[in-house]
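# Survey of secondary and tertiary structure
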Amino acid sequence: MRVALLTLLCGALVTALTGEDALEKWGGPRGGGKVSHGGNNIGNGDGGGITINTGGGDIGDIGVGVGGGGCDPAALGDFNRDNYLDIVATNINDGTVSVLLKTGSGSFQQNIFSVGSEPRGVAVGNFNGDSYLDIVTANQLSNTVSVLLGTGAGGFQQTTFTVGTGPFGVAVGDFNGDTYLDIVTANSGDGTVSVLLGTGSGTFQLQPQFPVGFGPRGVAVGDFNGDTYLDIVVTNLNDNTVSVLLGNGLGSFQLQPQIPVGSGPFGVAVGDFNGDTYLDIVTANSGDGTVSVLLGTGSGSFQLQPQLSVGVGPRGVAVGDFNGDTYLDIVVTNLNDNTVSVLLGTGLGSFKPQAIFSVGSGPRGVAVGDFNGDSHLDIVAANLDDNTVSVLLGKPCGA
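Values in this document were obtained by computation on a predicted structure and should not be read as measured data.

## Some words on the nonpolar core
Formed by 16 residues in total, the largest nonpolar core has its most connected members in Phe175, Val184, Val195, Ile232, Val234 and Leu245. Elements with a contribution of two residues or more to this core: strand E15 (182-187), strand E16 (192-198), strand E19 (216-222) and strand E20 (231-236). Considering every element that reaches this core, the biggest residue donor is E16, with three residues. If sequence neighbours within four positions are ignored, Phe175 has contacts with Asp182, Ile183, Val184, Val195, Leu197, Val221, Leu230, Ile232, Gly249, Leu250, Gly251 and Phe253.

Shown next as structure tokens:
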């Protein structure tokens with residue numbers, strides 16, 4: 001496998017290296033920075049990826065070092081309107097995010113912005129209607145979300161909003177049909193989700209919290225029952241379930257019976273895996289090294305499929321078409337063996353055995369998008385233990 005590696009040393013640009021079946025990494029300094037998932041600005045904290053384009057095949061690697069202690073989830077977007085895809089990643093140890101702006105040469109320029117205490121989840125969207133992408137982080141220790149309003153030039157202005165206890169995952173979507181993006185957090189400390197309805201000016205109105213399972217972590221959104229209203233799905237780490245909350249289109253939700261999945265579900269993503277036009281769910285199960293696929297029936301209920309083996313300690317999960325066959329595939333970060341697993345979909349709701357790719361140390365968050373404009377999906381892994389993000393460049397099949 002051909003490998004291309006780029007590492008960013010805390011704000012300095014470093015040129016790319018290439019090699020055959022080799023991976024070399026220059027470790028960035030420890031110190032602070034960080035991001036998350038969805039599709040069309042529907043984000044997912046701790047384990048999703050923003051789907052930008054489709055394509056794929058063989059995968060090469062670029063490692064990008066970030067400042068900060070403990071790089072956690074990541075998300076993607078064009079933050080400075082230069083038509084290049086940028087990266088945002090949360091740095092849990094120093095309460096910052098790293099925004100990595102891609103340059104025309106293929107390298108990245110890092111900028112660091114302060115947020116709340118121990119940021120975990122991250123998502124992106126336009127919260128104030130100015131056409132510039134903004135960022136939201138879930139700050140676990142300060143029980144807040146930080147909203148960073150983009151200037152369109154790669155800079156941001158922060159505001160903070162209070163949510164439930166221990167917010168971990170975060171996602172965005174329009175929950176009340178007013179065309180303004182709203183925010184949802186999975187609150188690990190009190191077993192709830194918080195919904196903040198956007199006003200269209202970059203401010204938000206907190207709604208009553210909704211109970212879910214025990215130890216919620218990841219969160220994603222989608223229309224699970226075909227009523228055109230966005231719904232919410234949350235992974236519950238400590239009771240091995242997911243909670244589905246069906247939206248009424250007014251910003252309120254009805255909790256459905258919890259659905260059992262594998263052990264220790266962490267990240268969650270949604271997509272149509274069997275081509276029936278109904279959204280399905282996939283979870284990364286940290287306790288047993290599997291992913292669980294739940295096929296949607298179109299009525300808000302789901303059918304659990306046999307679990308699929310991945311690496312050790314899976315955390316983040318995202319979906320995209322990596323081999324260009326029009327079927328959605330799955331990518332998972334494996335925290336404890338420093339790899340990502342790619343499972344290619346058959347289009348029938350089943351998946352081929354995993355292909356494994358090495359990344360940085362302690363990969364947690366994952367996102368997908370086309371970084372080099374070749375129409376093939378690439379993968380970004382946020383590496384918790386060495387303060388880097390790894391970019392895996394997708395190649396055409398057979399290349």
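From this point, the narrative continues.
## Section: the pairing of E16
E16 sits mainly inside the fold: seven of its seven residues count as buried. The two faces of E16 match: Thr192, Ser194, Leu196 and Gly198 on one face and Val193, Val195 and Leu197 on the other face are all buried. With five bridges connecting them, E15 and E16 associate as antiparallel partners. Following the sheet pairing, Ala186 is matched in E16 by Val193. Here E15 folds back onto E16, and the loop between the two strands holds four residues, one of which, Gly191, carries a positive phi near 65°. As paired strands, E16 and strand E17 (residues 204-206) are joined by three bridges and run antiparallel to one another. Each residue of the ladder has a partner; that of Leu197, found in E17, is Gln205. Count of turn residues in the E16/E17 antiparallel hairpin: five residues, of which Gly200 carries a positive phi of about 90°.

## So, the sheet that holds strand E13 (residues 156-162)
Whether parallel or antiparallel, the strands of a sheet pair through hydrogen bonds between backbone atoms. Read from one edge of the open sheet, four strands run E10-E11-E12-E13, paired in antiparallel fashion. The open sheet terminates on both sides in strands that have one partner only, identified here as strand E10 (119-125) and E13. The sheet shows a mean angle of 20° between the axes of neighbouring strands, direction not considered. Where E10 and strand E11 (residues 134-139) come together, five bridges link them in antiparallel fashion. Bridging across to E11, Pro119 finds its partner in Asn139.

## Details of the sheet that holds strand E29 (residues 314-320)
If you walk across this open sheet you meet the four strands as E29-E30-E31-E32, and the pairing is antiparallel. The sheet is open, and its two edges are formed by E29 and strand E32 (355-358), each paired on a single side. Each neighbouring strand pair of the sheet contributes to a mean axis angle of 20°, computed without reference to strand direction. Pairing analysis gives five bridges linking strand E30 (residues 329-334) to strand E31 (residues 339-343), with the strands arranged antiparallel. Of the residues in E31, the one forming a bridge with Val331 is Val342.

## Structural notes on unusual backbone geometry
Positive phi, close to 75°, is recorded for Ser131, a residue that is not glycine. For Ser131, the position within the fold is in the loop between E10 and E11. Residue Thr326 is not a glycine yet carries a positive backbone phi of 75°. Residue placement: Thr326 occurs in the loop between E29 and E30.

Cut-off values and rules
Residues numbered from 1 in each chain as written. Predicted model: local features only at pLDDT ≥ 70, side-chain atom pairs only at ≥ 80, totals over all residues. Heavy atoms only, no water. Core = buried A, V, L, I, M, F, W, Y, C linked by side-chain atoms within 4.5 Å. Buried < 20%, exposed > 50% of the residue type's maximum accessible area, 1.4 Å probe, protein only. Helix = DSSP H or I, 4+ residues; strand = E, 2+ residues; numbered from the N terminus. Contact = heavy atoms within 4.5 Å. Pairing = 2+ DSSP bridges. Axes fitted to C-alpha atoms, helices over the stretch in contact; angles between N-to-C directions.

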